[in-house]
Amino acid sequence: MVFKDELAVWQDKFVRDNLMSDEFLEYIQDSMMPLEEMLADYRCAIMEIETKFKVLNEQFSLQYDRNPIETIKSRVKSKDGIMRKIRRKNLPLTLEAVEENIYDIAGVRVITSFQDDIYRLAECLLQQDDVRLFRKKDYIQQPKPGGYRSLHLIVEVPIFLQNGKKIMKVEVQLRTIAMDFWASLEHKLRYKKSIPEEEADALAHDLFECAQMSATLDRRMEDVRNRMTRYIE
């Protein structure tokens, strides 16, 4: 389904023929319905992944008397965001091209207490027989040049719809509280700011140092926890 070029052609036709505006609005609604249905499928996939993590969190609570997950955040990429990525990747304007080439339409971010919780939760998720790992990027072991740290997984998970099963891709990001704090502030500080090149370089250096401090904090807090657990019977 082509969901933009065709719409522009029909818009010109309605303007030329001076047809009723409600007819054009009805056409827009019908044309966008497949896109809305696709986004609804991604929302269903998010619910599947969120449920899996909530179950794991409950099991960890019973087994280890603590919850490794602090928060779970999720989002479906906006239509504008999808269109920008289509242009950036130079993809055809079809739903098939979107589903086959854009892997972060559905996103789930899991915030953990400690760094080792990240790998434990990721391992438990990927051991489930209805979850398949599509792609993995470990920015904890190999941080981005600016200091960003997180574990990124693209997983495939089935959703069960009225007309059958569909396999969906979901991007899962796992971070500690410190990693999420740094990444969130770094994004806010950089977003759409016109900063002189010299000052931008200085800020990048300061942000990198903050990332190093964040990594140190994660290691020290994990060490403190390990020392404390020695005294728990």
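Student: With reference to specific residues and values, describe the pairing of strand 2 (residues 106-112).
Tutor: In terms of residue burial, strand 2 counts as a mostly covered element, since six of its seven residues are buried. Of the strand pairs in this sheet, strand 1 (residues 69-76) and strand 2 are connected by seven bridges, and their pairing is antiparallel. Pairing of Ile 69 across the sheet is with Thr 112, part of strand 2.

Student: Report on a nonpolar patch on the surface, specifying residues and quantitative values.
Tutor: Nonpolar side chains collect at one region of the surface, where Phe 181, Leu 185 and Leu 189 lie side by side and expose about 310 Å² of accessible area between them. Tracing the sequence through the fold places Leu 185 in helix 6 (residues 177-190).

Student: Lay out the pairing of strand 5 (residues 164-176) in plain terms, naming residues and giving numbers.
Tutor: Pairing geometry for strand 2 and strand 5, over six bridges, is parallel. Along strand 5, the bridge assignment pairs Arg 109 with Gln 173. Note: strand 4 (residues 151-161) against strand 5, 11 bridges, orientation antiparallel. Residue pairing in the sheet places Val 157 in a bridge with Met 168 of strand 5. Turn length for the strand 4-strand 5 hairpin, with the two strands adjacent in sequence and antiparallel, is two residues.

Student: Please set out the nonpolar core residue by residue, giving values where relevant.
Tutor: Across soluble globular proteins, nonpolar side chains have a tendency to be buried as a group. Formed by 40 residues in total, the largest nonpolar core has its most connected members in Met 38, Phe 53, Val 170 and Leu 174. Mapped onto this core, the elements with two or more residues apiece are helix 2 (21-64), helix 3 (79-89), helix 4 (95-101), strand 2, helix 5 (115-126), strand 4 and strand 5. The greatest single-element share of this core, amounting to 10 residues, is contributed by helix 2. Discounting chain neighbours no more than four positions away, the residues touching Met 38 are Ile 82, Leu 95, Val 98, Glu 99 and Ile 105. Tyr 139, Trp 182, Ala 183 and Ala 211 belong to the second-largest nonpolar core, a separate cluster that totals six residues.

Student: Mind laying out the packing of helix 5 against helix 7 (residues 197-229), listing which residues take part and the relevant values?
Tutor: Any two packed helices are characterised by the angle at which their axes cross and by the distance between the axes. Across the interface, helix 5 lies against helix 7 with an axial gap of 8 Å and an inter-helix angle of 85°. Relative to helix 7, helix 5 is oriented roughly perpendicular. From helix 5, Gln 115, Asp 116 and Asp 117 reach across to helix 7, where they touch Asp 218, Glu 222 and Arg 225. Of the residues contributing to the contact of helix 5 with helix 7, the split by class is no nonpolar, one polar and five charged.

What counts and how
- Residues numbered from 1 in each chain as written.
- Predicted model: local features only at pLDDT ≥ 70, side-chain atom pairs only at ≥ 80, totals over all residues.
- Heavy atoms only, no water.
- Buried < 20%, exposed > 50% of the residue type's maximum accessible area, 1.4 Å probe, protein only.
- Helix = DSSP H or I, 4+ residues; strand = E, 2+ residues; numbered from the N terminus.
- Pairing = 2+ DSSP bridges.
- Patch = residues over 30% accessible without salt bridge, like charges linked within 9 Å, V, L, I, M, F, W, Y side chains within 5 Å.
- Areas by Shrake-Rupley, 256 points an atom, 1.4 Å probe, with all protein chains shown as cover.
- Salt bridge = Lys/Arg side-chain N within 4 Å of Asp/Glu carboxyl O.
- Core = buried A, V, L, I, M, F, W, Y, C linked by side-chain atoms within 4.5 Å.
- Contact = heavy atoms within 4.5 Å.
- Axes fitted to C-alpha atoms, helices over the stretch in contact; angles between N-to-C directions.
- Parallel < 35°, antiparallel > 145°, perpendicular 65-115°, else oblique.
- Nonpolar A, V, L, I, M, F, W, Y, C, P; charged D, E, K, R; others polar.

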